[in-house]
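Observations on chain architecture
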Amino acid sequence: MPRLAAGRAPDVSLSVEVAAPAEVVYELVSDVPRLPSWAAECVSCRWMGGATGPAPGARFLGVNRNGFFRWFTVSEVRDAVPGRLFAWEVVPGLARWEYRITPTDAGCTVTESAWDGRGFVISHVIGPVLTGVHDRKAANSRNIARTLERLKAAAEAAAVERRP
């Protein structure tokens, strides 16, 4: 299956500096059941089909919320490179979400990116009815900003707890 992001810039991409090691951030973002702790729309995630952790091909079920709108997605892990990259696609090719982690002298830079692979009918007719979101790019931008704030706080707290 071709990758949604291949040769295409993300529709939304934001970064944050985190005072925590890249490995700590990776452990957090790749722990799928914990994603709702910081992800703005996600309220529940669980591995499916016997998967127990991040590995290419592993699938998970996500439950999302926007006000009183609720919907679920099935996603498949595409990239799982410890300390560097965790990415998944909402199947079948509806979206790609990616956390790219770049080590720095003070910790790391985390970049969250999203690609929208939905066609016109899904993005302009079905999507708004199911999710209440009429401008997915703007919503993703707001949500990524909130998600990165929460992730930064969680990663920095985890880094402090691990210090000897």
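The structure we're discussing is the one just above.
Residues numbered from 1 in each chain as written. Predicted model: local features only at pLDDT ≥ 70, side-chain atom pairs only at ≥ 80, totals over all residues. Heavy atoms only, no water.

Let's talk about the environment of Leu-148
For Leu-148, the position within the fold is in helix α3 (residues 136-162). For Leu-148, a relative accessible area of 4% gives the class buried. Not counting the four nearest positions on each side in its chain, Leu-148 is found in contact with Leu-14, Ser-15, Val-16, Val-110 and Glu-112. (Helix = DSSP H or I, 4+ residues; strand = E, 2+ residues; numbered from the N terminus. Buried < 20%, exposed > 50% of the residue type's maximum accessible area, 1.4 Å probe, protein only. Contact = heavy atoms within 4.5 Å.)

Some details on helix α2 (residues 120-131)
The terminal C-alpha atoms of α2, which comprises twelve residues, lie 15 Å apart, in line with the 16 Å expected from a rise of 1.5 Å per residue. Among the residues of α2, those classed as buried are Ser-123, Gly-127, Pro-128 and Thr-131. Buried residues along α2 cover an arc of 95 degrees about the axis, so they all sit on one side. Against β3 (59-66), β4 (69-81) and α3 lie the buried residues of α2. Positive phi appears at Gly-132, one or two residues downstream of α2, with a value of about 75 degrees. (Expected span 1.5 Å × (residues − 1). Arc of directions from axis to C-beta.)

Quick look at the pattern of salt bridges
Summed over all chains, the structure comprises eleven salt bridges. A salt bridge links Arg-78 to Glu-89; the nearest nitrogen and oxygen atoms lie 3.7 Å apart. Here the residue Arg-78 occupies a position in strand β4, and Glu-89 occupies one in strand β5 (residues 85-90), the gap between them amounting to eleven residues. Here Arg-78 matches Glu-89 in class, with each residue buried. In this structure, the salt-bridge partner of Arg-96 is Glu-98, at a minimum N-O distance of 2.9 Å. Residue Arg-96 shares its accessibility class with Glu-98, and that shared class is buried. One salt-bridge network, held together by shared partners, links Arg-59, Glu-76, Arg-78 and Glu-89. (Salt bridge = Lys/Arg side-chain N within 4 Å of Asp/Glu carboxyl O.)

Points about the side chain of Thr-109
For Thr-109, the position within the fold is in strand β7 (residues 107-116). Overall, the relative accessible area of 15% leaves Thr-109 in the buried class. Engagement of the side chain of Thr-109 in a polar contact is seen with the side chain of Glu-17, the distance being 2.8 Å. Beyond its immediate stretch of four places on either side in the chain, Thr-109 contacts Ser-15, Val-16, Glu-17, Arg-100, Ile-101, Thr-102 and Thr-104. (Polar contact = N/O pair within 3.5 Å; in protein donor to acceptor, adjacent residues only side chain to side chain.)

Quick look at the state of the cysteines
As enumerated under the stated definition, the model contains zero disulfides in all. Counting only cysteine sulfurs, Cys-45 is the nearest neighbor of Cys-42, a cysteine outside any disulfide, at a range of 3.4 Å. The class for Cys-42 is buried, based on a relative accessible area of 11%. (Disulfide = S-S within 2.5 Å.)

A word on the nonpolar core
Counting residues in hydrophobic clusters, the biggest one holds 35 residues, and the most contacted among them are Val-18, Val-25, Phe-86, Trp-88, Val-110 and Leu-151. Every element with two or more residues in this core is listed here: β1 (12-18), α1 (22-29), β2 (42-48), β4, β5, β6 (95-104), β7 and α3. Excluding anything up to four places from it in sequence, Val-25 contacts Val-18, Ile-101, Cys-108, Val-110, Leu-151 and Ala-155. (Core = buried A, V, L, I, M, F, W, Y, C linked by side-chain atoms within 4.5 Å.)

Digging into the packing of aromatic side chains
With the rule as written, the count across this model stands at six aromatic pairs. With centroids separated by 6.3 Å and ring planes inclined at 85 degrees, the aromatic side chains of Tyr-26 and Phe-86 adopt a geometry described as edge-to-face. Linking Tyr-26 in helix α1 with Phe-86 in strand β5, this pair joins segments that are 60 residues apart in sequence. Tyr-26 sits in the buried class, given a relative accessible area of 7%. A relative accessible area of 0% places Phe-86 in the buried class. A centroid spacing of 6.2 Å and a plane angle of 40 degrees characterise the contact between Trp-88 and Tyr-99, whose relative ring orientation is tilted. Of the two residues, Trp-88 is situated in strand β5 and Tyr-99 in strand β6; the sequence distance between them amounts to eleven residues. Accessibility assignment for this pair places Trp-88 and Tyr-99 in one class, buried. By way of ring pairs, the aromatic residues Tyr-26, Trp-47, Phe-60, Phe-86, Trp-88 and Tyr-99 are connected into one cluster. (Phe/Tyr/Trp six-rings, centres within 6.5 Å; stacked < 30°, edge-to-face > 60°.)

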